[in-house]
Number of protein chains: 2
Amino acid sequence: MTEVRVRTRDGEYPVVVGGDALAELARMLAEHAPAQRFAVISDDRVAALHGHPLMEAIRGAGLDASLYTFPAGEASKTRKSWSILTDEMLEAGFGRDSCVVAVGGGVTTDLAGFVAATFLRGVPLVQVPTSYLAMIDASVGGKTGVDVSMGKNLVGAFHPPRLVVADPAVLRTLPRDERAQGLVEAFKHGAILDREYFERLESDVAALLDAEPRAAEAAVLRSVQLKAEVVSDDEREGGYRQILNFGHTLGHALEAASHYALGHGSAVAVGMVLEAEVGERMGVTAPGTRQRLTDALERAVAVSAGSVDADEAMRYLRTDKKVRAGRSRVVLLRGIGEVDPGHGWTHEVAEELLAEVLAQGVAIG
Amino acid sequence: MTEVRVRTRDGEYPVVVGGDALAELARMLAEHAPAQRFAVISDDRVAALHGHPLMEAIRGAGLDASLYTFPAGEASKTRKSWSILTDEMLEAGFGRDSCVVAVGGGVTTDLAGFVAATFLRGVPLVQVPTSYLAMIDASVGGKTGVDVSMGKNLVGAFHPPRLVVADPAVLRTLPRDERAQGLVEAFKHGAILDREYFERLESDVAALLDAEPRAAEAAVLRSVQLKAEVVSDDEREGGYRQILNFGHTLGHALEAASHYALGHGSAVAVGMVLEAEVGERMGVTAPGTRQRLTDALERAVAVSAGSVDADEAMRYLRTDKKVRAGRSRVVLLRGIGEVDPGHGWTHEVAEELLAEVLAQGVAIG
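A brief structural summary. Note that the coordinates shown come from a computational prediction; the quantities given were computed from them, not determined experimentally.

Calculation notes
Residue numbers run consecutively from 1 along every chain, following the written order of its sequence. As they are written, the chains are lettered A onward and the ligands numbered 1 onward, keeping that order. Totals for whole chains, interfaces and linings use all residues, but because this is a predicted model, local features are given only for residues with pLDDT of at least 70 and pairs of side-chain atoms are given and counted only at 80 or more. Whether two residues are in contact is decided by their C-beta atoms, placed from the backbone, lying within 7 Å. Think of it this way: any DSSP run of H or I at least four residues long counts as a helix, any run of E at least two long counts as a strand, and we number them from the N terminus. For this scheme, ten residues count as nonpolar: Ala, Val, Leu, Ile, Met, Phe, Trp, Tyr, Cys and Pro. Four count as charged, namely Asp, Glu, Lys and Arg, and the remainder, Gly too, count as polar. Exposed residues have 12 or fewer other C-beta atoms within 10 Å of their own C-beta, buried residues have 20 or more, and partly exposed residues fall in between, where C-beta atoms are placed from the backbone. Two strands make a pair as long as DSSP finds a minimum of two bridges between them. Working convention: axes come from line fits to C-alpha atoms, limited for helices to the stretch in contact. Angles between N-to-C directions cover 0 to 180 degrees. Least squares is used to superpose the copies, and the fit set is the C-alpha atoms of residues whose pLDDT is at least 70 in both copies.

Here the focus is the interface of chain A and chain B. The interface is formed by 26 residues belonging to chain A together with 26 residues belonging to chain B. In terms of residue count, helix H3 (residues 79–91) of chain A provides more of the side of chain A that touches chain B than any other element does, six residues in total. Residues of the side of chain A that touches chain B, tallied by class, amount to ten nonpolar, eight polar and eight charged.

Written out as structure tokens, the structure reads:
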């Protein structure tokens, strides 16, 4: 097990990564988030896979813990699920001396995180991510929230966890496509911060898709280290943290334009490729970067041309206010492993250029 | 105008108190909470009284502001109202560069505060309290939240404002009984921290109930100063801030047991009197303190005997987990103007003693 520490404005918290980490969960809860009672929150799919042994282990250590579940899927990441989970905890008499333990993918870490952020004005939170995406992205950094009809993650709070426990052994139970979707964010970490890591991901991609233990643990650890460095420097996304948005300006637009038929990872993969094209055309990104990204990412995910309407994506960018006065702010690479500092880590890009690049089509793989 | 500064873990914010403060609101918004757009949130009663001139003044200063209202009353302090207000702001295209301005009583400052705390994971908040209660209590300290069926304020967040503007001139538009309810919290500030202030409130009570400008401004200012000192030292209620709960352990139980027929101020008034009795019986509170509190408080509010069932209040205390293992933690006075430090500012009180004191009946006035 390896521990990475994330600084927050109130202190810091450990992210523990290791193929045997889950076996130590009860001990770590008692150490880092001592509480009278623990509310373990999971979706029904993760609960069926891991709920019983996990609850046995926690209770076996003498802790008072109850399991609360909700239906698996992004459709559950709503204010309604948040209300139901909160009310269940209130009815069961949970007080301020409670702790919420989120066990699951990004939907669970965001949703249960928002429950913890707002329960009696905030109780401690422990994140136990079970997907690549949640391990390397969602559970580190303190963002919590739910989706509303106007868009994803529009309601939420910053609520840093007390502890994150990422055990790559559980990735074996994850559907292969979800592993692929999550790995895209790992490639993003390499693309913006660490060329060597990017290259290792490229060569290990088959093993990572298989959740082969050594490769998975190494990737989760490196991504957590990179993300921890970024969010420790800029918890609230004022400046440097924006580099994590590489691929996400166009990626979110494509995801929304597909009405979420396109997975988040696939959308971000295409977003990174197209934002590299934007950067190359502007003379900011080294020529060949787009091709390099395409070659690497298509080993993990495939997106067929025509799966998204570029005009619709452009309309989304405009209504989302990401385009202001005909220009948008986009994170651009210098090359693989390095972001161009631009002005406050972004560049102004003309709407016409974004539209032109989007219109090229979005196929990879 | 007088400015009181409240420290938070992130910095500090000013509370501006003065009979001419509202006229300066637009200038102060631009200075302390500069934003692209302002969402002014009010209940329909306050909006009818103050909305038009206020919006004219804000817009007249060149700021982009929109008014959002909800039906007046505690029944609106719900997750549903919070969802509606949030969605209205999202549909109108408010982004992260927005600011929420809450104009109203405690329901509005809590509800609009929770909107600000969770809108796109948090946007700046300005509190413009229009009742005694909101000026001296709700708008200072960063607590926001809503009621749920299990109880009041059980869902929320700490979200300190950027600025609080308290203009006692608007108190003239407040129903007299609401003024009385709010003044009880002023008496509480005197009772726990400042004997001289307590005595001034006692002699000024008629003028305060009439919202006479000089008396009202002096009381709001002194209460804000006292509360600011307490919450600056202990933002999250770990220790010293608990002294603000004087009168509230029994007060909340009485309020809930009356099914909220008893006003918050009336309930807290009785709670203070009965907690003084508890303290006297335990030898912690100086003899005669209960009588002194009764004499003062009955000038502001009246509570008739039999308006609350003591057994029901006791049941509430038990189910609310305020009684643990047969004992409850209560803030006790040494005398008027001073809290006994006890252990961490509270004393353990046996359930039997609380039940006995509650059974005495709850009439004052």
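We now examine the environment of Leu250(B). All names here are of chain B. In this fold, Leu250 is placed in helix H9 (residues 248–257). Overall, Leu250 belongs to the buried group, with 31 C-beta atoms counted inside 10 Å. Along the chain, Leu250 and Met314 lie 64 residues apart, while their C-alpha atoms are 8.8 Å from each other. Residues contacting Leu250, with those up to four places away along its chain left out, are Gly271, Leu274, Glu275 and Leu358.

Attention shifts here to the sheet that holds strand E2 (residues 11–17) of chain B. All names here are of chain B. The mixed open sheet is built from seven strands, whose spatial order is E1-E2-E9-E6-E5-E3-E4. Where the open sheet ends on each side, the last strands, each with one partner, are strand E1 (2–8) and strand E4 (65–70). Across the sheet, the mean angle separating the axes of adjacent strands is 20° when strand polarity is ignored. Alignment of strand E3 (residues 37–43) against E4, held across six bridges, turns out to be parallel. Within E4, the residue paired with Ile41 across the bridge is Tyr68. The strands touched by helix H2 (residues 44–60) are E3, E4 and strand E5 (98–104); relative to E3, the strand with the most contacts, the crossing angle is about 160°. Against the sheet, helix H8 (residues 213–233) contacts E1, E2 and strand E9 (163–166), and its axis sits at roughly 20° relative to E1.

Rotating chain A by 180° about the axis while translating it 0.0 Å along that axis superimposes it on chain B, leaving an RMSD of 0.0 Å. In short, the pair behaves as if placed about a two-fold rotation axis. A shared binding surface is used by both copies, with 100% of the interface residues of chain A retained as interface residues in chain B.

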